[in-house]
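Okay, here's what each chain looks like letter by letter:
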Amino acid sequence: MKDANSTRMKVEAGLQRRRRKERVFQLIGLLATAVGIVFLGVFFFSLIKQGASAFEQTHVRLDVEMSSEALAPDGELDLIYADFDGVIRSALRNLFPDVTGRGDRRELNQLVSIAAGYQVRDMLVEDPDLLGGKATIWVPTSANVDMLVKGKIDPGIDEAMRPVSNQQIRWVDQLETEGRIETRFNTALFTNGDSREPELAGIKGALMGSVYMLLVTVALAFPIGVAAAIYLEEFAPKNRWADLIEVNINNLAAVPSIVFGLLGLAVFINWMGLPRSAPLVGGLVLSLLTLPVIIIASRAAIQAVPPSIRQAAFGLGASRMQVVFHHIMPLALPGMLTGTIIGMSRALGESAPLLMIGMVAFIVDVPGGFTDPATALPVQVFLWADSPERAFAERTSAAIIVLLGFLLLMNLTAVIIRKRMERKW
Amino acid sequence: MTMAAMSELDVNKEPPVSPAPVEEPVDTTRKPDARSPHRPVSGQLTELLDETVGNVHCDDPFMTARDVNVYYGDNHAIRNVNLEIGKKEVIALIGPSGCGKSTFLRCLNRMNDSIDTARVTGDIRLDGMDIYSKELDPVALRARVGMVFQKANPFPKSIYDNVAYGPRIHGLAADRAELDNIVHTSLERAGLLQEVKDRLDEPGTGLSGGQQQRLCIARTIAVNPEVILMDEPCSALDPIATARIEDLMDELSEDYAIVIVTHSMQQAARVSKRVAYFHLGLLVEVDETDRIFTNPQHKLTEDYITGRIG
């Protein structure tokens, strides 16, 4: 009885210490989570704060006269030499008749994006009847005016320190009071390729480049990775070679990505003669990069299949192939997909290896295939972040938002597919 | 009162001359106690011999194992086991944990093949055919020698698909109707049809433990094997579910040879016609169940069945 009591006392004496340890540990865990959430919140907040305005573009309303003398002197519209910009210029001049000097006029013309002329051309191509008539159109302003309207350029600072002059500010104010200025959804951001002019620059080129690249990657890395994992787990003899291969695969997963880029440059471009800057080569390099991740995750998923299922199938007389494809694959597939999506996410965000294979170029055209020159989203982010124009700052953030959105979409698809396939046992 | 306790009492009756070394043997499991009045008349064997006592033969042998040795790497798990398994008989393999009874069971349908380090020597024949010959595909063997495992392991598929899996992969049914028929008959023979006939498309993993094990038995007999190996099929089940499976084994023994590994003496006594006692990889004794439980020839067998080891 006395002994039992002393045991109880000892246990109770230690109890408080145990509880305190538990509380401290819980607190640390909570703090760690909170720090993570705060950082994530700050990141998203700053990103959206910076980038949200890039999804809008300031437009100005102009009354253009499609004079046939300027656009089609001999009665037929000349799509190459016709002075579409002139139509815009005269529309502006009509708004500000008192602007006369050559320099002042140039400043006036700088209010409107060079895209305005193309807009007039497109309108006329679509509806040639407009020739000789009048039309009221909304055209994008230049990036500097856009920045000014969005409040990203402070009109209060010294004129020499900002890209818009005092009189340009005055004109914009006048246009605003006349109700000719409006911010609209920035479609150019999603329909255009890269451009030197921020208001014309879009991410479609980079987005398509990334899509083509990831298509190549998933088409190669998933089947090869899963096949390798199944072979190594289910069929390969367990010997020294298998160990060597395993060690190498694990090491490959940790190789810096730029090394894969060098490999791609040496093998795919220099030796195999594949085109530079092509999503095909990018995809090949990224599949090399993601293969180890997929193999490791798939092997873990296969190992996680309960051995009882394997035994049950073998016990009924299923062959190895049947065991693998009827039982192990369906049960391991969710895990394999998880590995694949982790690999693909890494591939999507990778820019270093793409530098080596020339996917860091300034490419205006949206790629239409696997061998067209292209960039990728992270590379586009890098290129824009490097640009001096003020308007590219918000576009950089916008590109990051699109990149994250793409990532989220990809993960979501994988989660949905995985949920559908998941089975309980 | 057990024999060991009695003989120990005998020893204790004699006052020790000195308190220190006890000269009288106390370890009665190793040496015969000449004074014990319970010593069997025939002279019970106590040494662990390479020879199996009792009778390894049976009238109508269907599977025969000769000089079977199994090694797991350097570990000699089974030593020179000889055993015959009759047609339509239930034979129970008993013995303490790690004695090799499950290993031996797994030799009979080559489930040890999947363990890389396992090596089997000797000769095991199924109806005269060497099951370890190079030409024989274990797939064909396992269709004839089915297995039920310790833990019920239904596939994460529907009840129907669980039972239909074997016939499907072996192409036993020509059409859907025939497959339906096989599934129903198998479930009925496993005594499960009444409970599940309205929910054949529900997952087999949703059944209770006992039902799952009967589902596994149904799945095994759907392939129509000639021998069924059972590795402690009731160890995870409650007494009611156990009783059902034991009844089932009784019925199944009319058509199949059943080899069951069990830790329950009562179960071995209830279901089997013959019993084989394994100890440290040796097959110590084989005999008719009645004789094993009433008059074991070997001391180790007796110690085990009376609960002194194991």
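Before any of the text, the structure's been laid out above.
Trainee: Break down the overall build of chain B for me, with residues and values.
Mentor: Check the secondary structure of chain B and you find eleven helices and eleven strands. The buried share of chain B, reckoned over its 310 residues, is 51%. Restricting to contacts in chain B with at least 6 residues of sequence separation, those with at least 24 account for 67%. For chain B, the accessible surface area stands at approximately 14,400 Å², while carbon and sulfur atoms represent 49% of it.

Trainee: Could you give me a rundown of the packing of aromatic side chains, with the residues and numbers involved?
Mentor: The tally for this structure, following the rule as stated, stands at nine aromatic pairs over all chains. With a centroid separation of 5.1 Å and an interplanar angle of 70 degrees, the aromatic rings of B:Phe155 and B:Tyr165 are classed as edge-to-face. You can see B:Phe155 sitting in the loop between β7 (145-148) and α4 (159-170) and its partner B:Tyr165 sitting in helix α4, a full ten residues away along the chain. The two residues B:Phe155 and B:Tyr165 agree in class, both being buried. Aromatic rings pair up to connect A:Phe55, A:Phe185 and A:Phe190 into one cluster. Over the ring of B:Phe155 we find B:Arg219, and its NZ or CZ is 4.5 Å from the ring centre.

Trainee: Kindly report on the nonpolar core, identifying the contributing residues and their values.
Mentor: In this structure, A:Met336, B:Met63, B:Leu93, B:Phe104, B:Val227 and B:Val259 are the most contacted members of the largest nonpolar core, which totals 61 residues. With eight residues, the top contributor of residues to this core is helix α14 (residues 320-349) of chain A. Apart from residues no more than four positions distant in its own chain, B:Phe104 is found in contact with B:Ala65, B:Ile78, B:Val81, B:Leu83, B:Leu93 and B:Phe278. Within the second largest apolar cluster, 45 residues are counted, among which are B:Tyr160, B:Val196, B:Leu237 and B:Val275.

Trainee: Provide a residue-level description of the interface of chain B and chain A, including the pertinent values.
Mentor: Accessible area lost when the parts come together is the quantity often used to give the size of an interface. Across the contact, 22 residues belong to chain B and 19 residues belong to chain A. Taking both sides of the interface into account, the surface hidden between chain B and chain A amounts to around 1,700 Å²; carbon and sulfur atoms contribute 62%. For chain B, the biggest contributors to the area lost against chain A are B:Phe155, B:Pro156 and B:Tyr165; these three give 29% of the whole. If you look at where chain B meets chain A, you find zero salt bridges. Between chain B and chain A we count four residue pairs in polar contact (both at pLDDT 80 or more) in total. Among the elements that line the side of chain B that touches chain A, the one with the most residues is α4(B), at four residues. For the side of chain B that touches chain A, a count of residues per class yields eleven nonpolar, six polar and five charged.

Trainee: Before we move on, can you summarise the pattern of salt bridges with the specific residues and values?
Mentor: All names here are of chain A. Summed over the entire model, instances satisfying the criterion amount to 29 salt bridges over all chains. Put simply, Glu 394 and Lys 152 hold a salt bridge, and the shortest N to O gap is 3.6 Å. Residue Glu 394 is found in helix α17 (residues 391-421), and its partner Lys 152 is found in the loop between α6 (143-149) and α7 (166-177); the two are separated by 242 residues along the sequence. For Glu 394, a relative accessible area of 2% translates into the label buried.

Trainee: Before we move on, can you summarise the pairing of strand β2 (residues 61-72) of chain B with the specific residues and values?
Mentor: Consecutive side chains of a regular strand alternate in pointing toward one face of the sheet and then the other. All names here are of chain B. Note that β2 and strand β3 (residues 75-86) share eight bridges and pair antiparallel. The partner of Val 68 across the bridge, within β3, is Val 81. For β2 and strand β5 (residues 118-126), the ladder comprises eight bridges, and the chain directions are antiparallel. Directly across from Val 70, in β5, lies its bridge partner Val 120.

Trainee: Tell me about unusual backbone geometry, residues and numbers included.
Mentor: Residues and elements named next belong to chain B. Within the chain, Lys 88 stands out as a residue other than glycine whose phi angle is a positive 55 degrees. Examined against the element boundaries, Lys 88 turns out to sit in the loop between β3 and β4 (90-94). Unusually for a residue other than glycine, Asn 224 sits at a positive phi of about 55 degrees. Residue placement: Asn 224 occurs in the loop between α7 (209-221) and β8 (227-231).

Trainee: If you had to explain the environment of A:Met123 to someone new, which residues and values would you point to?
Mentor: Residues and elements named next belong to chain A. Within the secondary structure layout, Met 123 lies in helix α5 (residues 115-126). Residue Met 123 is classed as partly exposed on the basis of its relative accessible area, which comes to 22%. Sequence separation between Met 123 and Asp 74 is 49 residues; the distance between their C-alpha atoms is 19 Å. Aside from chain neighbours lying at most four places away, what touches Met 123 is Met 66, Leu 130, Ala 135 and Ile 137.

Trainee: Before we move on, can you summarise the side chain of A:Ser257 with the specific residues and values?
Mentor: Structurally, A:Ser257 can be placed in helix α11 (residues 257-271). In this structure A:Ser257 comes out as buried when scored by relative accessible area, which is 11%.

Trainee: Which residues make up the sheet that holds strand β2 (residues 134-140) of chain A, and what are the values?
Mentor: Residue and element names in this part refer to chain A. The strand order across the open sheet built from three strands is β2-β1-β3, with neighbouring strands paired in antiparallel fashion. Both edges of this open sheet fall to β2 and β3 (181-185), since each of them pairs with a single strand only. For this sheet, the mean angle separating the axes of adjacent strands, direction not counted, is 40 degrees.

Trainee: Help me get a handle on the state of the cysteines, residues and values and all.
Mentor: Residues and elements named next belong to chain B. Under the defined criterion, the tally for this structure stands at zero disulfides over all chains. Free of any disulfide, Cys 99 has its nearest cysteine sulfur in Cys 107, 13 Å distant. On the basis of relative accessibility, which here comes to 1%, the residue Cys 99 falls in the buried class. The class of Cys 107 is buried, set by a relative accessible area of 0%.

Trainee: Provide a residue-level description of α7(B), including the pertinent values.
Mentor: All names here are of chain B. Given a rise of 1.5 Å per residue, 13 residues ought to cover 18 Å, and the 19 Å separating the end C-alpha atoms of α7 matches this to within 8%. Of all 13 residues in α7, twelve are buried, a share of seventy percent or more. Turning to α7, its buried residues are Gly 210, Gln 211, Gln 212, Gln 213, Arg 214, Leu 215, Cys 216, Ile 217, Ala 218, Arg 219, Thr 220 and Ile 221.

Trainee: Can you lay out the pairing of strand β9 (residues 257-261) of chain B for me, pointing to particular residues and giving the numbers?
Mentor: All names here are of chain B. The element β9 is largely enclosed, with a buried count of five among its five residues. Every second residue of β9 is oriented toward a common face, with Ala 257, Val 259 and Val 261 on one face and Ile 258 and Ile 260 on the other, all of them buried. Judged from the four bridges that link them, β4 and β9 form a sheet pairing that is parallel. Directly across from Val 90, in β9, lies its bridge partner Ile 258. Pairing of β8 with β9 involves five bridges; the strand directions are parallel. Across the sheet, residue Asp 231 finds its bridge partner in β9, namely Val 261.

The rules behind each value
- Residues numbered from 1 in each chain as written.
- Chains lettered and ligands numbered in written order.
- Predicted model: local features only at pLDDT ≥ 70, side-chain atom pairs only at ≥ 80, totals over all residues.
- Heavy atoms only, no water.
- Helix = DSSP H or I, 4+ residues; strand = E, 2+ residues; numbered from the N terminus.
- Buried < 20%, exposed > 50% of the residue type's maximum accessible area, 1.4 Å probe, protein only.
- Contact = heavy atoms within 4.5 Å.
- Areas by Shrake-Rupley, 256 points an atom, 1.4 Å probe, with all protein chains shown as cover.
- Phe/Tyr/Trp six-rings, centres within 6.5 Å; stacked < 30°, edge-to-face > 60°.
- Lys NZ or Arg CZ within 6 Å of the ring centre and 35° of its normal.
- Core = buried A, V, L, I, M, F, W, Y, C linked by side-chain atoms within 4.5 Å.
- Buried area = accessible area lost by both parts, 1.4 Å probe.
- Salt bridge = Lys/Arg side-chain N within 4 Å of Asp/Glu carboxyl O.
- Polar contact = N/O pair within 3.5 Å; in protein donor to acceptor, adjacent residues only side chain to side chain.
- Nonpolar A, V, L, I, M, F, W, Y, C, P; charged D, E, K, R; others polar.
- Pairing = 2+ DSSP bridges.
- Axes fitted to C-alpha atoms, helices over the stretch in contact; angles between N-to-C directions.
- Disulfide = S-S within 2.5 Å.
- Expected span 1.5 Å × (residues − 1).

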